[in-house]
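For reference, the chains in residue letters:
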Amino acid sequence: MASRDTQSAPSAWRQFTFFDVVPVKDVHDLGSDPEIFKKTPEFSCITPTSSGTAVADIHGSLYVLNRDFEVSKSWVAHTSGRVTHMAERKGILVTLGEEDLVRQPLLKVWDLNISDKKTGGPLLLRSTKVQVTTLALSSTLSYLAIGLGDGTVILYRHLDQSIFSGTSNLTTLPKPRVIHESPSEPITGLGFREPDEENSNIYLFIVTTNRVLCYQVSGRGSGGTPTLVDEVGCALGCATMDWHAKNMLVARDEAVYVCGVESRGASYAYEGQKLSVHTHRNYLVMVSPPFSPSASAASATVRNFVTRSTDANAEITKVTVLDLENKFVAFSSTFTDGVREIFLASDEVYLLSNVGKLTCLEEKPTSTKLSMLYAKSQFLLALNLAKTQGLDSSSVADIHRQYGDHLYNKADYDGATQQYVKTIGHVQPSYVIRKLLDAQRIHNLATYLQELHALGLANSDHTTLLLNTYTKLKDVARLDSFIKTESKRSSADGGSDELPFDLDTAIRVCRQAGYFEHASYLAKKYERHEDYLQIQIEDAGNYKDALLYLRRMGTEATESNLARYGRAMLASLPEETTQLLIDVCTSLTPLTIETDERSPPSRQPSTGGPSYLSYLALSRDRGAPPAVAPGPAPPVADRASQHDSSHESRTATPPPATPTHGQPPPHARITTVKRPSPRIYFPHFIDHKEKFMQFLESVALKRWGQRLDETGVPVVVESDPFVDAQAEKADQIAVWNTLLELYLSSSSSLDSSEKEAFIDKALQLLKSEHIPCDPTHALILCSTQNFTPGLVLLWEKLGMYEDVVRFWMDKYAEGGSDSTDASSEVIRCLDHYGPDHPHLYPLVLRFLTSSPDLLSRHTADVTKMLEHIDAENIMPPLNVVQVLSRNGVASVGLVKQWLVSRIREAKDEIETDKALTESYRTESQTKLKQVEELSDPDHPRVFHVTQCSACKGQLDLPSVHFMCNHSYHQRCLGDHDTECPNCARSHGIVREIRRNNERLADQHDVFLSEVKEGGFTAVAAGFGRGIMNLSRAEALAG
C-alpha cells in the first residue's frame, strides 16, 4: 500500500458525475447485501457470462448468479483448489485453477448450456494442465491464448473444432504453439483484435511488464514472430482491450496508452497509481490501490473526502471512470472498504468491496448528462458525447440549436449561424430566420438560407427572402452562384433531380429587383418560355432576342406567345415580326429542327364571323394587348428606357452567361403541324396597315393559293391533314374582307397613282369568282368608303338590279356634272336588265317622266319603252296612264297613238266577250229547260230511238233506255252498268273537277297565292269553280 497520495487529475480533464452510486441489496432482505457476497473474502475471481455473473472462490467452487444476484447454478470446478482465471464466449466457459492432487494448474472448458447428468453442473468438455498468469479467448472460440508466468505465450488454434468434435477424451485439445518467450518479462495482459470491415485478420496483443507486442493470428502472413508495438508495459491487470476490441489500452502511473496493431497511438495523461483497469462501453474504469488521503492532494475527489471524513487514518480506494474519446472524467469517487472486484452485469458496472458490499455504478440518462453539460456551456463536449452515445440526428440537431442559441446570446452571430445550419431538416427554418432578422444579420441570414436551398428544404418564401437579401446586399457574385446551382435534391422515386429552389419565385424576385438578365437566364435554362419572353419584351425591351427565341420555340408555343406580344413586337421590329407571323400561319412544317416525338398539338377551332378593320381599333393607346398583364403596364418604349437607366447603375459585374444548351425544347418529329387561324393576329396590326396588307396577302397566297392576279402561274399549296373546312372557310372570308377594307381605306388617303393601284385591287377582289369575300360585308365597306364602282359591281353580282337603277336615279337627283351620264346609265341598265326583270319598266318610266328635262332628252326612249310594255303586256294601259298623268310633265300627244291602238284593241275584246257571254247564256237556258223536263214527274219521257248506241243494230227487246237519249240492247251492256257508257267518261271528268274544287276550297294559302299573282282573274276563277259558293259554305257550317 502506498503511504502517500499519488492520485492526481490534471486540469485538462473536465470532471462530471455521470454515474450514480447505488447500493445493491438482497432481493429478499432489502436491509442487507446479497447473500452470496457475504463470502466475499473467499472469492477468487468474478466474470460476466451469457448465463449470468460467474463467481469463483478459493475452494474451487463456481457460482452462476442471475440478475438479482441469487445463485442459479453452482458446482465444484476445481476440487480442493481455487479458480484463478475465467473467460466465457458463446456459453463456453474456460476456467484456470489449482487442485491439491495436481502439481500444475488445470485448464477446464465447460458448456454452461448443457448439464452433466452425474454431477448436475455444466458439462465438462476439456481438462488439461497449464501454468498461467493470464488468458484471452477470441469471440468465435477459435483461438485461446495463455500467458505463463515465465514470459511464455502459447496459442491454441481451432479450439472450437476440438471442443465440438464429439470426442469423450477430456484431455484432447489442439496442440498449443509457443508464439512468444521472454523469461525476464512476465505476461501481464493478452487480448485479441477481432476482424472488422477494414481488416479481416485476427491479431493477438501481448503485454509484458516492459513492452507491448502484436502477433498476427490469422490471414496472410500469420504465424510469424510477434512485432514490437511499444516499449511501455504495465503491471498485471492494467491492460485491457478497448470497447471496440481494436486496440490495447495500457494503463501506467503517468498515462493511459493506446496501442494499435502497427504502433502506439494516442496517449492520455492521467497521473496516479493504477491497480486494475476495465472497459465498459466507451468508458475506462480505473481502480487505484489503497492509499492514505491528504488535504493537499491534487485530486478534488480526495480533498473532498478528507473534508467530509472524521477518520484521518483511514485508507481509501479511488475509482475513476474516464471517457478517453471525449477526454473527460465521467465519475470519480473514493471507497473506504476497498474494491475487491469490478465486474459487469446487466450492462452495468458493479463494485464489490472487501467486506462484501456490492455497489452499482448506474449511468445517468443521456438527457440528464446533456443537461449537465448545457449548464456548464460545454456544447462541443455535448456534441461529442452525442456521437459517442449514437444519438439520432434529431437529438444532435437539438444540441446544435441550443449551442447556436448560446452563441447568439453572446452576439457571436457567425458562430450561431454555423450551428443553425446544422439544424436544417430538424428545426423549423422560421425559428432561425426570425432570430437572424431580429438581429439584422443579413449576411448570416443569406448563409443560412443558401444552405437551406442547397439541401432542397426551402419553399417559395425562403427563395424570395434569399434573393431579396442578395439584391439588398448587391451581391451579384453570390446571386450568380445561387441561380447556377445544379439540383442537389433527388425526387422521391429516385429519378431525375429537382431544383434546390422554387423557380417561379426566383424569376419573380429577380424581375422585381431589376436583375432581368438573371431572371431571363433562369427562364431560358429551365424552359419557361412565357416568363422568358415576358422578361425580354416587357422588362428588358430586347425584342430581337425575343423574336429569335420565338422562332426556335416551335409553332404551338410561338402561336400563343405571338398572340400576346405580337403588337409590341411589331412596334419594334415590324418587318421581322411580320415575316414570323406569316411563317407561323402558312408553314406546315415546324419552325425548328425536330429531335423527339410528340403528338401534334391540338387547338380550339377559331369561331366567329368576318373581321372588320374597325373592330381592330381596340386599345389603340395601349403599348401591349390586354392579355399581357392583369394590371396597367407602361408602354414598351418607356419600360425599355427605364431598364437601360436602372440596370447600368444596379449591377457592376456582368450577369451570368446564357447557356447555349438552354434552348427551348424540341417538338415532335412530325411532317406537318396544325396552323393557327390568322384572325388571332389581326389586332396587332392596327398601327401597321402596310405590314397588315403584306401579312394578309402572303397568308392568302401561301396558305390557300389565292391572289388577285389570276393570270399568273398557279400556286401549288400543300394539303393540311388537320384542316377544319368550316373554320378554314371563315378564315379565308375574314382575310379577304379585311384586305378589301385596307384597299379602300388606303385609296382614300393616298395620291392619285397609288390610289388607282388600290382601287384596281379592290375591283379585282370584287370581280373575282374564286376569292371568298362576304358580299354583305363588302357592301358595307363600299358604302362607307363611297366606292361607287364597287357598289354597282356588288349589286349586279347579288342580282340587286333595282338597287343599281335607283342608285343612278339618286345620282341624277343629286345633280352635278355627271347627272346626264346618270340618266343614260338608267336607260343602259334598263336595256341590260329589263328583259329579265320587267318590274324595272314602271320604275324607269316614272323616273323619265318625273321632269321635263328628262322627258325631252329621252322621248324616244319613252316611246320605245311603251311599245315594249305593250308588246310584253307588262302593265295594263290604265296603270300606264296613271303613271304618266301623275304630274303635268307627259302630254297626251306623247301617247296618243299608243292610247288609240290600246282603246281599239280593248273595244274589239269587249265585243268578243259579249258574243261569248251570249252564247254561254243561250246554252245555259237550254240545259236548264232540259233539266226541268227530266225532273217533272207529270210528263213522261217517250223514247223514239230504234238503233242500239253500242252495236248500231236494230233495237229489240229487251232493251235499256237512258235519259241522255241513248238506248242499248240489254246484251250490249255489262251486268253492273247503271250509267250510259257513252256519257260515263264526260260525267266522270266533271265529277273529278268538282272533287278537286271542293278540295282546293279548304286550301286557303293556295287561293291567296293565286290572288296575289292573278288578282281579279283569280277571284273570278274561284267563283267559277264554286270555291266561293255561299250555299256550300252554309252547308259546311250547318
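For every chain, the first residue of the written sequence is number 1, and numbering continues from 1 onward in sequence order. Only residues with pLDDT of at least 70 get local features here, since the model is predicted, and only at 80 or more are side-chain atom pairs given and counted; chain-wide, interface and lining totals rely on the full set of residues. Hydrogens and waters are ignored; side-chain quantities use all the structure's heavy atoms.

1. A few points about the packing of aromatic side chains
Consideration 1: Ring pairs shown here join Phe, Tyr and Trp side chains whose ring centres sit within 6.5 Å, with only the six-membered ring taken for Trp; geometry is labelled stacked below 30 degrees between planes, edge-to-face above 60, and tilted in between. Here the structure, examined in full by the defined rule, presents 24 aromatic pairs.
Consideration 2: An angle of 75 degrees between the planes, with centres 6.3 Å apart, marks the rings of Phe69 and Phe343 as edge-to-face. One end of the pair, Phe69, is in the loop between β5 (61–65) and β6 (71–76); the other, Phe343, is in strand β27 (residues 341–345), and 274 residues separate them in sequence.
Consideration 3: Note on classification: 1.4 Å probe, protein chains only; a residue is buried when its accessible area is under 20% of the maximum for its type, exposed when over 50%, partly exposed between these limits. Phe69 gets classed as buried once you look at its relative accessible area, which sits at 5%.
Consideration 4: Aromatic pair Tyr532 and Tyr549: ring centres 4.2 Å apart, planes at 35 degrees, arrangement tilted. One end of the pair, Tyr532, is in helix α13 (residues 529–539); the other, Tyr549, is in helix α14 (residues 543–553), and 17 residues separate them in sequence. Of the two residues, Tyr532 and Tyr549, both sit in the buried class.
Consideration 5: Through a chain of ring-to-ring contacts, the aromatic side chains of Phe37, Phe43, Phe69, Phe343 and Tyr350 assemble into a single cluster. Going along the chain from the N terminus, every DSSP run of H or I of four or more residues is numbered as a helix, and every run of E of two or more is numbered as a strand.

2. Topic: the sheet that holds strand β3 (residues 43–49)
Consideration 1: The strand order β3-β4-β5-β6 describes an open sheet built from four strands, whose pairing is antiparallel. The two strands at the open ends of the sheet, each matched to only one other strand, are β3 and β6. With direction set aside, neighbouring strand axes in the sheet form an average angle of 20 degrees.
Consideration 2: In short, DSSP must find at least two bridges between two strands for them to pair. Sheet topology places β5 next to β6; five bridges connect them, and they run antiparallel. Opposite Leu62, over in β6, you have Trp75 as the bridge partner. Every axis corresponds to a line fitted to the C-alpha atoms, with the helix fit spanning only the stretch in contact, and the corresponding angles, defined between N-to-C directions, vary from 0 to 180 degrees.

3. Observations regarding unusual backbone geometry
Consideration 1: Each neighbour pair has its own omega, and for Leu957 with Pro958 the value is -10 degrees, a cis peptide bond.
Consideration 2: Mapped onto the elements, Pro958 comes out in the loop between α29 (896–934) and β32 (959–961).
Consideration 3: Even without being glycine, Lys952 reaches a positive phi, approximately 65 degrees.
Consideration 4: With respect to the helices and strands, Lys952 occurs in the loop between α29 and β32.

4. Structural notes on the pattern of salt bridges
Consideration 1: Whenever Lys or Arg places a side-chain nitrogen within 4 Å of a carboxyl oxygen from Asp or Glu, that contact is recorded as a salt bridge. By the definition in use, this model includes 31 salt bridges.
Consideration 2: Put simply, Arg281, Asp347, Glu363 and Lys369 are held in one network by salt bridges that share partners.

5. Considerations on the packing of helix α3 (residues 366–375) against helix α4 (residues 379–389)
Consideration 1: It is the contact of α3 with α4, at a shortest axis distance of 8 Å, that shows an interaxial angle of 160 degrees. The orientation of α3 relative to α4 falls into the category roughly antiparallel. Considering how the two elements wind past one another, α3 and α4 form a crossing that is right-handed. Contacts between α3 and α4 pair Thr366, Lys369, Leu370, Leu373 and Tyr374 from the former with Phe379, Leu381, Ala382, Leu385 and Gln389 from the latter.
Consideration 2: Put simply, Ala, Val, Leu, Ile, Met, Phe, Trp, Tyr, Cys and Pro go in the nonpolar bin, Asp, Glu, Lys and Arg in the charged bin, and everything else, Gly too, in the polar bin. Looking at side-chain class alone, the contact of α3 with α4 contains seven nonpolar, two polar and one charged residues. Comment on the angle field: the value is read as roughly parallel under 35 degrees, roughly antiparallel over 145, roughly perpendicular from 65 to 115, and oblique elsewhere. Crossings are assigned a handedness: left-handed for a near helix turned anticlockwise from the far helix by less than a right angle, right-handed for a clockwise turn. Contacts between residues were defined by any pair of non-hydrogen atoms, one from each residue, lying within 4.5 Å.

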